[in-house]
Amino acid sequence: MRARHALAVLAILVASPVSVARAQDPSAAAAQARFNEGVLAYERRDFDRARVLFLQSVALQPRGSAFRNLGLCEMQLGRPVEALGHLRAALHLPDLDPTRRGVTQNDLREAYAATGHLVIETADGAALAVDGTPVEGSAPFREPIDVTAGAHVLEAKVGEKKSLATVDARAGVLVVASLPIEGAGSPGSSTAPLVASGPLSDTLLTVGPPAAPTSPPFWIARRTVGLGLVAVGIASAAVGVYFYTQASDAEDRNNAARAGLQPSSCSGPSQPPACAIASDARSTQQQDAVLNYVFLGAGGAAAVIGAAMFLWPSSRSVVVTPSVGANSAGLRLQGEF
């Protein structure tokens, strides 16, 4: 990154005029002063300040060297669309010698590769807006429209009739977007040739009006069932915890009843009342312990399977079927993992 910065600074310095001794008119002198200040600001990596100074310089005296340095600032600031326009302007001005022109063409390729480019096919005379911002002129557009890489909403309009399309502008790729307007002529009816400014990618994509979404909705049946299973699992686990506390209480009653008994007190024909209490408590404890295991096990299995069904990507197939064996029963989760 440091080497790249050093090369960019060196290129700016190369682009700076080496002699200002010649007599200049006031606007040219002021443009040169802004240019020199911009170079110093760029060296300090104050790209915002440098950009303002280069903008002032080209406003006072349009020169290819200033436009080129302006484009470099905008690339550093993450504004490749503006950089692309200013680098093109630099190449249209005569003050760049062959060496600097070649360097600027390399900069242009870099800016082009960082931006998206739209070829619009719509009815002649249609006005165009990109993300709600009007585009200068009307169809047919002789040059691709440069945009930032990413998704954009296009609107073509003739009178009260309009057409919408959503396009994914990939960096460095020329995309053809078709926006037909019913009753206002067919897209591409103009015979005017398309002038593609800048290098073109080998990839050509075509985008038409928005189609119905192809991705499944979030709340599909599998996720609904999965969420239901999670809820059932949580409820079942709560019931299991309840039976665990009941089993613990029964065990405590059993222990308390047997505390005052001798080992053989409950084996004869005449048994004290505590034996019946202990026996009843032990039976209750065993039943509650079994129910605790059943509800906790079933609840845990339901929660895990439900979570898997809910969270698993939609592209995978998941099937849940009952499973009953000689010593077990439950749910079987099958699918493509």
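Data block above holds the structure.
Numbering of residues starts from 1 in every chain and runs along the sequence as written. Only residues with pLDDT of at least 70 get local features here, since the model is predicted, and only at 80 or more are side-chain atom pairs given and counted; chain-wide, interface and lining totals rely on the full set of residues. Processing note: side-chain calculations cover all non-hydrogen atoms of the structure and skip hydrogens and water entirely.

Quick one: what's the story with the sheet that holds strand 5 (residues 150–158), residue by residue and with numbers?
Pairing between strands requires that DSSP locate at least two bridges from one strand to the other. Going along the chain from the N terminus, every DSSP run of H or I of four or more residues is numbered as a helix, and every run of E of two or more is numbered as a strand. Taken together, 4 strands build an open sheet; the order of strands is 3-2-5-6 and the sheet is antiparallel. A strand with exactly one partner marks an edge of an open sheet, and here the two such strands are strand 3 (133–134) and strand 6 (161–169). Bridge count for strand 2 (residues 127–130) against strand 5 is 4 bridges, and the pairing is antiparallel. The residue bridging Val130 from the neighbouring strand is Leu154, located in strand 5.

Tell me about the packing of aromatic side chains, residues and numbers included.
In summary, the pairing rule links any two rings of Phe, Tyr or Trp, Trp by its six-membered ring, whose centres are within 6.5 Å, and it sorts them by plane angle into stacked for under 30 degrees, edge-to-face for over 60 and tilted for everything else. Tallied over the full model, the rule gives 4 aromatic pairs. Ring geometry for Tyr242 versus Phe243: centroids 5.4 Å apart, planes at 70°, classification edge-to-face. Relative accessibility decides the category of a residue: with a 1.4 Å probe and only protein chains considered, values under 20% of the type maximum give buried, values over 50% give exposed, and everything between is partly exposed. Classification of Tyr242 by relative accessible area gives partly exposed; the value is 46%. Linked through ring pairs, Tyr242, Phe243 and Phe295 together constitute an aromatic cluster.

Outline helix 8 (residues 273–311), supporting the account with residue identities and numerical values.
Helix span is expected to be 1.5 Å times the residue number reduced by one. Between its first and last C-alpha, helix 8 extends 56 Å over 39 residues, near the 57 Å set by a 1.5 Å rise per residue. The complete set of buried residues in helix 8 reads Cys275, Ala278, Ala281, Gln285, Asp288, Ala289, Asn292, Gly299, Ala302, Ile305, Gly306 and Met309.

Summarise the packing of helix 4 (residues 64–76) against helix 5 (residues 80–91); cite the residues concerned and give the values.
The axes used here are C-alpha line fits, helices contributing only the stretch in contact, and every angle between their N-to-C directions lies in the interval 0 to 180 degrees. Two numbers describe how helix 4 lies on helix 5: the axes approach to 8 Å, and their chain directions differ by 165°. Comparing their axes, helix 5 and helix 4 come out roughly antiparallel. Here helix 4 runs over helix 5; the crossing is left-handed. Contact residues: Gly64, Phe67, Arg68, Leu70, Gly71, Glu74 and Met75 in helix 4; Pro80, Glu82, Ala83, His86, Leu87, Ala89 and Ala90 in helix 5. These descriptions rest on fixed angle ranges, namely under 35 degrees for roughly parallel, over 145 for roughly antiparallel, 65 to 115 for roughly perpendicular, and the rest for oblique. By convention, the crossing between two helices is left-handed when the near helix turns anticlockwise from the far helix through less than a right angle, and right-handed when the turn is clockwise. Any two residues whose heavy atoms approach within 4.5 Å are treated as being in contact.

Please give an account of the packing of helix 5 against helix 6 (residues 98–113) that cites residues and values.
Relative orientation of the contacting elements helix 5 and helix 6 amounts to 155°, with a least axis distance of 9 Å. The angle between helix 5 and helix 6 places the two elements in the roughly antiparallel class. Here helix 5 runs over helix 6; the crossing is left-handed. Residue-level contacts link Pro80, Leu84, Leu87, Arg88, Ala90 and Leu91 of helix 5 to Arg101, Thr104, Gln105, Asp107, Leu108, Ala111 and Tyr112 of helix 6.

Tell me about the side chain of Glu74, and please be specific about residues and values.
Secondary-structure assignment places Glu74 in helix 4. For Glu74, a relative accessible area of 0% gives the class buried. Polar contacts, as counted here, are pairs of nitrogen or oxygen atoms within 3.5 Å of one another; within protein the pair requires one atom able to donate a hydrogen and one able to accept it, and residues that are adjacent in sequence qualify only if both atoms are side-chain atoms. One polar contact links the side chain of Glu74 to the main-chain amide nitrogen of Ala83, over a distance of 3.3 Å.

Outline the pairing of strand 2, listing residues and values.
By the bridge criterion, 2 bridges tie strand 2 to strand 3 in an arrangement that is antiparallel. By the bridge assignment for strand 3, Val130 is matched with Thr133. In textbook terms, the turn of a hairpin is the stretch between consecutive antiparallel strands, and for strand 2 and strand 3 this stretch comprises 2 residues, one of which, Asp131, has a positive phi near 55°.

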